[in-house]
Structures are given as structure tokens and as C-alpha cells.
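Observations on chain architecture
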Amino acid sequence: MEDKLLVYRCKCGSQEALTQIYRKYKADLLLLAMALLNDRSACEDVVHDVFVSFVQGLDGFRLTGSLKGFLLTCVANHARNWNKAQRRRSRAGTDADTGKPACADSPTEAVACNEQIGRLSGAMAGLPFEQREVVMLHLHGAMTFAAIARARQISTNTAKSRYRYGIDRLRYLLNGEATR
Amino acid sequence: MKPADEIKRLIHESQITASPEADERILCGALDHLAKRRQGGIAHPRPVIWRTIMTSKGTKIAAAAVIVIAAVIGFRFFGNPVGSTLTFAQVIQPILNAGTAQFDIVIGDEDGGAPIMRDLVMGSRIRRTLPGMGDDVTIIDLEAGQILTFSETKKEAQYISLEGLPSIPNYMENLKNVIVMLQQTPDFVVENLGLQEMDGVEVVGFLAKHPRAEITIWADAETGLPVRIEQNEGQMRVVCKNMQFDVPVEDAWFSMDVPEGYKVHQDSTLDLHAGTEEAFIKGLRLLAERFNDGRFPDGVAVEDYLKQAPDVARQLQEMDLSSEEQIALGQTIQNYVLFTRFFQGEGEWTYRGRGVMLGEAETPIFWYRPKDSATYRVIYGDLHVEDAAVENLPEPLDADDVPAPKPAYQQWDRPEFVGRQIDYWMILPEGRARVKAYLTLLKGPQDTTLLPVHLPYAEAPLEGVLLGRKADAPVTDTVNLPFHKTGDGTYDIELPIDKLVAGRNMIIFQWHVSLDDLKFERGYYMTKLQSLVPVVSYELKTGADPNSGFEPMGKTQSLWAPAFSQGRVDSPKTEFGTCGLPIRKRR
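Residues numbered from 1 in each chain as written. Chains lettered and ligands numbered in written order. Predicted model: local features only at pLDDT ≥ 70, side-chain atom pairs only at ≥ 80, totals over all residues. Heavy atoms only, no water.

1. Quick notes on the overall build of chain A
Let me state the cut-off plainly: The helix and strand labels rest on DSSP assignments: H or I over at least four residues marks a helix, E over at least two residues marks a strand, and numbering proceeds from the N terminus. Partly exposed residues are those whose accessible area sits between 20% and 50% of the maximum for their type, while under 20% is buried and over 50% is exposed, using a 1.4 Å probe and protein chains only. Only heavy atoms matter for contacts: two residues are in contact if any of them lie within 4.5 Å across the pair. Only the protein chains shown count as cover for residues, with accessible areas throughout obtained via the Shrake-Rupley method and a probe of 1.4 Å.
A tally of regular secondary structure across chain A gives eight helices and one strand. Secondary structure elements of chain A occur, N-terminal to C-terminal, as α-α-α-α-β-α-α-α-α. Expressed as a percentage of its 180 residues, the buried residues of chain A come to 50%. Sequence separation of at least 24 residues holds for 67% of the intrachain contacts in chain A that already meet a minimum separation of 6. For chain A, the computed accessible surface area is about 8,300 Å², with 47% contributed by carbon and sulfur atoms.

2. Quick word on the packing of aromatic side chains
All names here are of chain A. To keep things clear, this is the line we draw: Under the pairing criterion, centres of Phe, Tyr and Trp rings, with the six-membered ring standing for Trp, must be within 6.5 Å; the plane angle then separates stacked pairs below 30 degrees from edge-to-face pairs above 60, leaving the rest tilted.
Applying the stated criterion across every chain yields a total of 18 aromatic pairs over all chains. Taken together, a centroid distance of 5.5 Å and an interplanar angle of 80° make the contact between Tyr22 and Phe51 edge-to-face. Here Phe51 lies in helix α3 (residues 40-56) and Tyr22 lies in helix α2 (residues 15-37), a separation of 29 residues in the sequence. When sorted by exposure, Tyr22 lands in the same class as Phe51, which is buried.

3. A look at the environment of Glu346(B)
Residues and elements named next belong to chain B. Here Glu346 shows up in strand β14 (residues 346-351). The class for Glu346 is partly exposed, based on a relative accessible area of 25%. Once the C-alpha coordinates of Glu346 and Ser373 are considered, the two residues, 27 residues apart in sequence, prove to be 8.2 Å apart.

4. Here's the deal with empty space enclosed by the protein
For clarity, the threshold we go by: Grid spacing is 1 Å over the protein atoms alone, the probe is 1.4 Å, and a cavity is where that probe fits but cannot get out, while a pocket is an open set with protein on both sides within 12 Å along at least five of seven lines and lining residues have an atom within 4 Å of a point. Grid points are joined across faces, edges and corners, and a volume is the space filled by probe spheres set on the points. Residue polarity is assigned by list, with Asp, Glu, Lys and Arg as charged and Ala, Val, Leu, Ile, Met, Phe, Trp, Tyr, Cys and Pro as nonpolar; anything else, Gly included, falls into the polar class.
What the rule picks out here adds up to three cavities of 30 Å³ or more. A volume near 60 Å³ is recorded for the largest cavity. Every residue lining the largest cavity is listed: Lys4(A), Val7(A), Tyr8(A), Lys11(A), Phe61(A), Arg62(A), Leu63(A), Glu318(B), Met319(B) and Asp320(B). It is helix α1 (residues 2-11) of chain A that provides the largest number of residues to the lining of the largest cavity, a total of four residues. For the lining of the largest cavity, the residue count by class is five nonpolar, no polar and five charged.

5. What about helix α9 (residues 323-341) of chain B?
Note: α-helices contain 3.6 residues per turn, so residues at a spacing of three or four share the same orientation. Formally: Here, expected helix span is obtained from the residue count minus one, scaled by 1.5 Å.
For α9(B), built from 19 residues, the straight-helix expectation of 27 Å at 1.5 Å per residue is met to within 8% by its first-to-last C-alpha distance of 26 Å. Along α9(B), 14 of the 19 residues are buried, which leaves the element largely enclosed by surrounding structure.

6. Quick notes on the pattern of salt bridges
All names here are of chain B. The test is simple: Any carboxyl oxygen of Asp or Glu within 4 Å of a side-chain nitrogen of Lys or Arg constitutes a salt bridge here.
Enumeration over the complete set of coordinates arrives at 15 salt bridges over all chains. Asp119 is the partner of Arg128 in a salt bridge, and the nearest nitrogen-oxygen pair spans 2.4 Å. Each of the two residues, Arg128 as well as Asp119, counts as buried. In the salt-bridge network here, residues are joined through shared partners; they are Glu277, Arg377 and Asp387.

7. Digging into the sheet that holds strand β15 (residues 364-369) of chain B
All names here are of chain B. Put simply, the test is: Only when DSSP finds a minimum of two bridges between them are two strands counted as paired. Axis definition: a line fit to C-alpha positions, over the contact stretch in the case of helices; interaxial angles, taken between N-to-C directions, run 0 to 180 degrees.
One open sheet accounts for four strands, arranged β14-β15-β16-β17; its pairing is antiparallel. In the strand order of this sheet, the two ends are held by β14 and β17 (385-388), each with one partner. Shown here is a sheet whose adjacent strand axes are inclined to one another by a mean of 20°, direction ignored. Both β14 and β15 contribute to a ladder of three bridges, which runs antiparallel.

8. Concerning the side chain of Thr332(B)
Residue and element names in this part refer to chain B. Residue position: Thr332 is located in helix α9. Classification of Thr332 as buried rests on a relative accessible area of 13%. When sequence neighbours within four positions are dropped, the list of residues in contact with Thr332 reads Lys282, Gly283 and Leu286.

9. With respect to the interface of chain B and chain A
As a reminder, the rule being used: Joining two parts hides part of their accessible area as seen by a 1.4 Å probe, and the buried area is that hidden amount summed over both.
Residue-level contacts link 44 residues of chain B with 52 residues of chain A. Here chain B and chain A share an interface that buries about 4,500 Å² over both sides, 61% of which is from carbon and sulfur atoms. At the surface where chain B touches chain A, the tally comes to one salt bridge. Asp23(B) is paired through a salt bridge with Lys26(A); the nearest N and O atoms lie 2.9 Å apart. Mapped by element, the contributors of at least two residues to the side of chain B that touches chain A are α1 (5-13), β1 (16-18), α2 (20-39), α7 (277-291), α8 (302-318) and α9 of chain B. Residue contributions to the side of chain B that touches chain A peak at 14 residues, all from α2(B). In terms of strand pairing, strand β1 (residues 111-113) of chain A meets β1(B) through three bridges, oriented antiparallel.

10. Re the packing of helix α6 (residues 129-139) of chain A against helix α7 (residues 145-152) of chain A
Residue and element names in this part refer to chain A. Here is the rule: Angle categories are assigned with fixed cut-offs, so that under 35 degrees is roughly parallel, over 145 is roughly antiparallel, 65 to 115 is roughly perpendicular, and the rest are oblique. Here a crossing is called left-handed whenever its near helix is offset anticlockwise from the far helix by less than a right angle, and right-handed whenever the offset is clockwise.
Two elements in contact, α6 and α7, have axes whose closest approach is 10 Å; the angle formed by their N-to-C orientations is 135°. Between α6 and α7, the interaxial angle falls into the category oblique. Note on packing geometry: the crossing formed by α6 with α7 is right-handed. Contacts from Glu133, Val134, Leu137 and His138 in α6 reach Phe145, Ile148 and Arg152 in α7. For the contact of α6 with α7, the per-class residue count stands at four nonpolar, one polar and two charged.

11. Quick notes on unusual backbone geometry
Residue Asn38(A) is not a glycine yet carries a positive backbone phi of 55°. Turning to its location among the elements, Asn38(A) is positioned in the loop between α2 and α3.

12. Focus on the nonpolar core
Short version of the rule: By nonpolar core is meant a set of buried Ala, Val, Leu, Ile, Met, Phe, Trp, Tyr and Cys residues that side-chain atoms within 4.5 Å join together.
Counting 71 residues, the largest nonpolar core has Leu18(A), Ile21(A), Phe51(A), Phe54(A) and Leu67(A) as its most contacted members. Among residues more than four places away in sequence, those in contact with Phe54(A) are Val7(A), Cys10(A), Leu18(A), Ile21(A), Phe61(A), Leu67(A) and Phe70(A). Counting residues in each nonpolar core, the second largest holds 62 residues, with Leu5(A), Leu272(B), Phe291(B) and Trp349(B) among its members.

13. Describing the environment of Tyr262(B)
All names here are of chain B. Note that Tyr262 resides in the loop between β12 (236-245) and β13 (263-271). Residue classification places Tyr262 among the buried positions, given a relative accessible area of 12%. For the pair Tyr262 and Phe150, spaced 112 residues apart in the sequence, the C-alpha separation amounts to 8.6 Å. Setting aside anything within four residues of it in sequence, one finds Tyr262 in contact with Phe150, Ser151, Glu152, Lys155, Glu156 and Ala157.

14. Things to note about the environment of Lys443(B)
Residues and elements named next belong to chain B. Relative to the assigned elements, Lys443 resides in strand β20 (residues 432-445). Residue Lys443 is classed as buried on the basis of its relative accessible area of 0%. Once the C-alpha coordinates of Lys443 and Asp413 are considered, the two residues, 30 residues apart in sequence, prove to be 9.7 Å apart.

15. Some thoughts on α7(A)
Listed as buried for α7(A) are Phe145(A), Ala147(A), Ile148(A), Ala149(A) and Arg152(A). Of the residues flanking the end of α7(A), it is Gln153(A), one or two places downstream, whose phi is positive at about 55°.

16. Some points on the pairing of strand β6 (residues 146-151) of chain B
Along any regular strand, the residues point their side chains to alternate faces of the sheet. All names here are of chain B. The buried fraction of β6 amounts to five of the six residues, a majority that puts the element mostly inside the structure. Pairing geometry for strand β5 (residues 136-141) and β6, over six bridges, is antiparallel. Counted as the bridge partner of Val137 is Phe150 from β6. Counted along the chain from β5 to the antiparallel partner β6, the turn is four residues long, and its residue Gly145 has a positive phi close to 65°. Pairing between β6 and strand β7 (residues 156-163): six bridges, direction antiparallel. If you follow Thr149 over to β7, its bridge partner there is Gln158. Linkage of β6 to β7, two consecutive antiparallel strands, is achieved through a turn of four residues, within which Lys155 is found at a positive phi near 55°.

Listed below in C-alpha cells is the structure:
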């Protein structure tokens, strides 16, 4: 009910309600974006875009499930788009790799990560994007495979297999275990 | 360990934080869009107030409280006739004699769009409709403490049990009882407001005052029939207008049976005592957090809520809340409304929450004095509560908060005198106490000018009697009153009735008591608590002359230390038991 009320107040133009939603879920959203993109600037941009889209779509928006699940799915969508765009830029050679470590601090980067997220996002970077998002939405967003499948427009079995492959690969990357 | 456990733990331990600058960067785009959206104007049409309220389950519940509490107000206090061509007795006679009645009730400001409730009254039942609200009907059974509310269009009905309302077998009969009871109340007075013109009709007005309420009743000067009643009870204003008496009605209009074919919703309960401070704070938080962008409402009275209710109802409708969620919200609001409606504190409450943001811990938004409490409760903007002495209140009591002047002396048709009394005991050297009893006479018989009094100690003779200018004020202009001993400790005082009626109704009696005549128990000199005449309140205070060898017990900065205090009593009396004088030998 809390989230429904906040969404309603946003619909009425309440900046405070929007800020409340952001504060409530920002850690989860930034973590997902970071795990999917392994780039702090990009994760900041993605969450920014998610909130802009959220406000733009408020008129027709109707909250039927959890707001957190909805926003996490939005982050995953925007992250995928960002990922695709990044690949296009790389192919076109317009975005040279600066060799900057993913979690290095700079004066303009005020999104701070601990050591664990460095390990997580580093390992995630070794997975195909599709596996990353299923792993994160399931383990971090607590979304069921059926819900992920609906959001991704894939079958539930596909979601499950992406998850399984993703977990195996992550364990290998984190522990050096052999993949099956 | 499952394959995913390690990953899960790593995710759990992962932390990412954004600085305020990053927050600003991330949110700025969304906030800009929101601001543009707001500037674009999301106008909500302001619909018919009751329609909006009653179409939302949540506010309908809260509205039920308003609808019901209005049932037990309207006309509660009427009084004695006073000299006039058209007397107050004549004006209230149609009400007293009526078997049925019809009238409109408005809570709050009539010109401010306050909703109207139309009542038909028969016996213990009220049929209440809401003009402009189509066919929604509420039948209130005051005897059974139950409400039936139904909609003919929707074919839906619901029963609501009323808790905390005394059983009222007959509404009109109850009004008569209230009138009789009030006529016996010492503090009840009636003023004639004279002739005025109202809607082109010449009307005569009477203002009936009671410590807890003021009623103004306007009657057609030609027919003598009441046309309008205004009541200020606490901080709530209610107007009854378009009054008609003995209107023809049918029993079926007041039936508590649900018509056949109606869907009956689950019963609910309205507890009129549920308006606690805690419930009030919960409602304040809800209204600020959910419905007002974090700001407290402009006002917290019933009429303020009625103004806010359509917006609340509209928001609830648009929130897609489940039925259970709406009911939970409605009950929170209902109990919030009940707090100020059935305010249980002393005097008036003060609200300063308009424009204050929830969380402003330093800003007091509401304060009141609970019943029988010496201190006030102050609620702050973060909704924490502190106790405060009157001198530490956020604002000094303004003119409106200062108690109204005490009514002048009135004569009634009962044989006894009634007053209020404060005794001051000053401990003097040589083990004596000088007692001054300040008696404020409120009412007395019509056929005598002799006031019989009975002193608590027969061996302590009455030494003098003075008539003061006004009650509860320093005596600067006094008149000696003659008195005669009539028995052991009993005296008759000769009263100048004309002076009493003119407001000089405080009489000061003096006598001396030897402390040796008092029982000494467990370190205290025990004294009788006995007033001179039947009183509605009684106090005793003590002081000690510096040369007396005594001093007041405890810390007191006042000359007088309270020894006993009995506020308003249900019926006047003279015996209040005994108490120990709070004095001790000077150390």
C-alpha cells in the first residue's frame, strides 16, 4: 500500500514522493545496474534514465505487483539497451577503452562500491548479459523465473537454464572451479 | 551448500552508495519532468462533496463517523425562560412536544461548502440522507446503537455497530430530559438576543450558555416556531436549519431491515471512544505522509476534515487499493476525526500544524490539556509528544482561550443556594489559623434574601462577612453583610439580591481556628472539608505566616499551597471528607 500511495503522489506531481521512492530503492537499483554493467558512470546513467522513464510513463502507469520488482526490471531493460549501445560504439571504435578500473574513484564519481561488489561485478562481466540479468533478478530482485520469463518474453525453462549456466560460470570465475 | 549460496552471500554483502551529488544527478532529470508535468496542470475537478466521499470505501468509513456523531448533537442544551414577549419556553415548546421532526444539519462553515445532512427523526431513529448524494440512506437506531446504511441503486447495505453511545430510546424524549437536567445546572444561563431579520423573516434569538456548549436558537417571531439552531460545542460548530416539527412519516422509512435482494457487506464497528491521542497522531501522520505531500493538514476539526475528505477520497480511488487497504485507511481517519469531535481534554485544543512539514521536531503543532491533568500535552512536527506546564506552552493562552467570565447570580425554583468555594487557611503565631472562605454564589431561591450557612467548626465563630465585586478577583471594593447566629455553627446572611444579580456574587467569610482543635495524625493537622452551602467545586489552600513557626511542605513559590481540590461535581454537596494541612514546623 505504501508504494501505491507513493506512486499516486508522484502522479499528482509530488517531488517528495519521487525522492522517497528513489531513496527506498536506490541501493537495490544501483547494485543491479553495477552488477550488470560493471561501470559506475553507466549504472548512474541507467538509474537516471529509469526514473525519467518512470515519470514520463506515470499517466498510464498502474502498479499491479511490487514497485521494487518493476523498477529492477526497468533497470535490467535499460542496462541491456546501454550494453547494446556500448557494443555498437565499440564496433564503431568511437569509445576507446580507457583501461580505467571499474571501481576507481574519481572526483565526479560519487557512487561508491565496497570490495564485494567489485568482485561481483568483475565476475559478472565474464557472463553473457542474458545470464547476468537472470541471475541478478532472481537472486537480488527475488523475482520468480516465471516473472523473469514474462518480463524478458522468454520461456520459463530458458530463464532457468540461463540462471543455471550463469551460476556455474560465476562459481568458476569466483573460485576457479571447473565448469561442468 | 547450494551452488547459488555463495553468489547470494556475495550479493548480500555487496554495497553501493551514492553521494548526495550523485543522488542529485540521478534524480534531476526525473524531478524536472515531474515539475513540467505539474506545471502542465493535473486538474482534478471538484465534485459534489458527499458523492466523492461516499464513493470511496476508505472515506466512507470515516464519513460514517461524521454522519453518526452529528446525530447526537444538534439540540442538546436549552434553558429557563427569560423576560420577553416571546419567551424561551415558548420557543422550545414545539421541540419538547414534537413526535417527529425534520431538519438539515451543517457541520462547520455554511458558506464554505460544508456538506448538508437531512434528518427525519422518529422515536429513537433517525433517517439521514445526504442531499446531492442520490439514494444513499443512513438509518440510525440510537436505542440499539446500530446504523444501517444502504444504496438503492447499488442494492448494497451494511450494518455498523455503535460503541460508546449511551442507549437513547427516544431522541425527542431524550432532548426533553436533557433540557430538564440542564435547567437544574447551576452554571446554565440564557440571554435574550432580541429581534433580528433572517431570510426576510423576523426572528427572535436566545443564547443558552453552558460551560461546555453554547446554543443559539432562532424562532419565527410571529409563529414562535424554531427555525434555526446554532451550537458551538467545544470547537465544533453545528447548525440545524429548515426545521419542521410533527411532519408525517411512515414506519417503513425507519426500518432497520435490509430490503430483499440487497447485498449485505460485512458488519463494522464505530467506537466513539476510539479517538485517543495515539489514534490522532496516527491520523496526522497518515494525512501528512499520504495525502498532503508531507505537510500537516490545514486544520484538524471535523469541518476541516470534511473539506479535505473529497481529495482524500479521490486519491484513494486512484491508488488502486484493495478493499482491505481502503478499510484500514478509513478506520485510521475515522479515529483521528473522533479525537477532536469527542475531545476529552480540558478547555480548548490548539492546532498550529498548517504548513508544517512532517519531521520538524522543533515545531509544536498541537497542544491540549488532558482531563484532570495539571500539564499540557504538546505534539511536535515529528509527532513526538512532550508534557508542558502552562507557562511553557508554545504560545501564551490568547483571549479566546481565557475562560469566559463567570455567569452572574441567577434565581431558580429550587429552595437551596449553590456556589463554588475556596478556603484559604493562613497559619498564624500562637497556633492559630485564620480561615477566609471565598464563596461565589451561582444560584439561589427566588423567595428569600437570607443565605443560611453552616461553618465546619461550631467552636470557631463567624467573625465577618463581606460582599466582593466579582468572583476570582482581588477584593478591592467590598460591602459588609449583616449576619445572625441561628445555632451551633449556623448563621443567616442577609443578601443584597440586586447586587448579586448585578454580578457581585462573591462573599467572603472569616473565622479563626485553633490548631489544637484539629486532630494531629501522622504528622498532619487534619481538617474537615466542608463548604458553607452546597457547592459544585471546592478547594482548600494553606499558607504560613513567617512568624508562625510553620512553613509549607514541598516546594511552592506561591504564598498558598494547595491542600485539596475538587473540580466540578455532578450534584452540589457540602461534605468532601478530611485532609491534612500541608504545613510543618519550620526547620
